[in-house]
Amino acid sequence: MSNDMVLQKLEGGLLTITMNRPERKNALNPDMVRGLVEAARRAADDPEVRAVLFKGAGGSFCVGGDVKSMAEGRAPLPFEQKLANLRRGMEVSRILHQMPKPVVAQLDGAAAGAGLSMALSCDLRIASESCKITTAFAKVGFSGDYGGTYFLTQLLGSARARELYLMSPVLTAKEAHAIGMVTKVVPDAEIDTAAHELALSLAQGPSIALGFIKRNINNAEHLALEDCFDGEAIHHTRCGDTADHKEAAKAFVEKRKPAFRGE
């Protein structure tokens, strides 16, 4: 279920999840975090969802945690309660990363702190030219959360992750693209259309095969070579029995574009 701070729209197999606090550049607060975890679980579990577009409202992705709210001096919670709350919220990154469905992050305005961490948990990131990207944590006295250190290390390697976390530079979209942090950069006026078209193309693709591709790559992050070979062999064989594979083979012979149904 969605709430006012996390909007969900399912159309053509594509679930668009929108963080909706534009007046705060979609900074995370407890209600938004709960909504994001619920939306991610829905995306993973709903068979009608074949791909996900993850974005922010009002021309910005997410600037991370609501630092202003943190600084307002609310009654402090015990360490164990703060730890449990944070760990529950971080599940959104794990679910987006592990679900057997492709996830596209639309980065515009700013992607910082936990916002960047969530974007890094997605499979593809498409950014507008004016987007600013930064880990940000060191500048506010935090070490990082929502899986950012894991995803950035896996994506770019330990040396680059250390640089981006310890020094916390603000990168342009083109700089982020040059180091492999962003998949594609488009003009600001084209970001909505480009991100939607990319995500929709994945939703209309061979869903079972795309899910296994994602699983194979996730396996490569932690399994030994022989185990990855076994996984590839199992998944490849299973794909061979799908209606989508048979449709693709038939379309190849008939020299036409296949019409995948996710079956």
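Note: the structure precedes this text.
Throughout, residues of each chain are indexed from 1 in the direction in which the sequence is written. Local features are withheld for residues below a pLDDT of 70 in this predicted model, meaning they are given only at 70 or higher, and side-chain atom pairs are given and counted only at 80 or more; totals for whole chains, interfaces and linings count all residues. To obtain the side-chain values, all non-hydrogen atoms of the structure were included, while hydrogens and water were left out.

1. Here we look at the packing of helix H1 (residues 30–45) against helix H4 (residues 91–98)
At a minimum axis distance of 9 Å, the contact between H1 and H4 shows a crossing angle of 20°. Relative to H4, the element H1 lies roughly parallel. The hand of the H1/H4 crossing is left-handed. Between H1 and H4, the residues in contact are Leu36, Val37, Ala40, Arg41 and Ala44 and Glu91, Val92, Ile95 and Leu96, respectively. Of the residues in the contact of H1 with H4, the class split is seven nonpolar, no polar and two charged. Throughout, an axis means a line fitted to C-alpha atoms (over the contacting stretch in the case of helices), and angles, computed between N-to-C directions, take values from 0 to 180 degrees. Helix numbering and strand numbering both begin at the N terminus, where a helix is a DSSP run of H or I of at least 4 residues and a strand a DSSP run of E of at least 2. Reported orientations rely on four angle classes, namely roughly parallel under 35 degrees, roughly antiparallel over 145, roughly perpendicular from 65 to 115, and oblique for the rest. Throughout, a crossing is termed right-handed when the near helix is turned clockwise from the far one, and left-handed when it is turned anticlockwise from it by less than a right angle. Contacts are assigned to residue pairs with any non-hydrogen atoms lying within 4.5 Å of each other. Residues are sorted three ways: Asp, Glu, Lys and Arg are charged, Ala, Val, Leu, Ile, Met, Phe, Trp, Tyr, Cys and Pro are nonpolar, and all the rest, Gly among them, are polar.

2. Comments concerning the packing of aromatic side chains
Within 6.5 Å between ring centres, the rings of Phe, Tyr and Trp (the latter by its six-membered ring) count as paired, and their orientation is classed by plane angle as stacked under 30 degrees, edge-to-face over 60, tilted in between. Enumeration over the complete set of coordinates arrives at three aromatic pairs. Relative to Phe61, the ring of Phe54 lies with its centre 5.4 Å away and its plane at 80°, an arrangement referred to as edge-to-face. Here Phe54 and Phe61 have matching classes, each one buried. Both rings, one in Tyr150 and one in Phe151, keep their centres 5.4 Å apart while their planes meet at 80°; by these two values the pair is edge-to-face. Tyr150 gets classed as partly exposed once you look at its relative accessible area, which sits at 38%. Between buried and exposed lies partly exposed: a residue is buried under 20% and exposed over 50% of the maximum accessible area for its type, with that area taken using a 1.4 Å probe on protein chains only.

3. Let's talk about the environment of Leu96
Structurally, the position occupied by Leu96 is in helix H4. Judged by its relative accessible area of 1%, Leu96 falls in the buried class. C-alpha of Leu96 to C-alpha of Ala44: the two residues are 52 residues apart in sequence and 7.8 Å apart in space. Apart from the residues lying within four places of it in its own chain, the contact partners of Leu96 are Ala40, Phe54, Val103, Ser121, Cys122 and Lys214.

4. Quick notes on unusual backbone geometry
Even without a glycine there, the phi angle at Tyr146 is positive, about 60°. Positive phi outside glycine occurs at Ser168, with the angle close to 50°. Relative to the elements of secondary structure, Ser168 occurs in the loop between helix H7 (158–166) and strand S8 (171–172). For Ser168, a relative accessible area of 1% corresponds to the buried category.

5. Section: the sheet that holds S8
Pairing is mixed in the open sheet, where three strands are placed in the order S5-S7-S8. A strand with exactly one partner marks an edge of an open sheet, and here the two such strands are strand S5 (110–112) and S8. Strands are treated as partners if at least two bridges between them are detected by DSSP. Pairing of S5 with strand S7 (residues 132–134) involves three bridges; the strand directions are parallel. Looking across to S7, one finds that Ala112 is bridged to Thr134.

6. Focus: the pairing of strand S4 (residues 103–107)
Across the five residues of S4, five count as buried, placing the element largely inside the fold. Because side chains alternate across S4, one face comprises the buried residues Val103, Ala105 and Leu107, and the other comprises Val104 and Gln106, equally buried. Looking at chain direction, strand S3 (residues 51–56) and S4 are connected through three bridges and run parallel. From the neighbouring strand, Leu53 faces S4, where its bridge partner is Val104. As defined by bridge partners, S4 adjoins strand S6 (residues 124–128) across four bridges and the pair is classed as parallel. Paired with Ala105 across the strands is Arg125, a residue of S6.

7. Considerations on helix H12 (residues 243–254)
Expected span, for any helix, means 1.5 Å times one less than how many residues it has. With 12 residues, H12 extends 16 Å between its outermost C-alpha atoms, agreeing within 8% with the 16 Å of an ideal straight helix rising 1.5 Å per residue. Of all the positions in H12, only Asp244, Glu247 and Ala251 are classed as buried. Down the axis of H12, the buried side of the element spans an arc of 60°, and every buried residue falls inside it. Exposed and oriented more than 90 degrees from the buried face of H12 are Phe252 and Val253. Downstream of H12 by a residue or two, Lys255 has a phi angle that is positive, lying close to 55°. By definition, the arc is the one covered by directions from the helix axis to the C-beta atoms.

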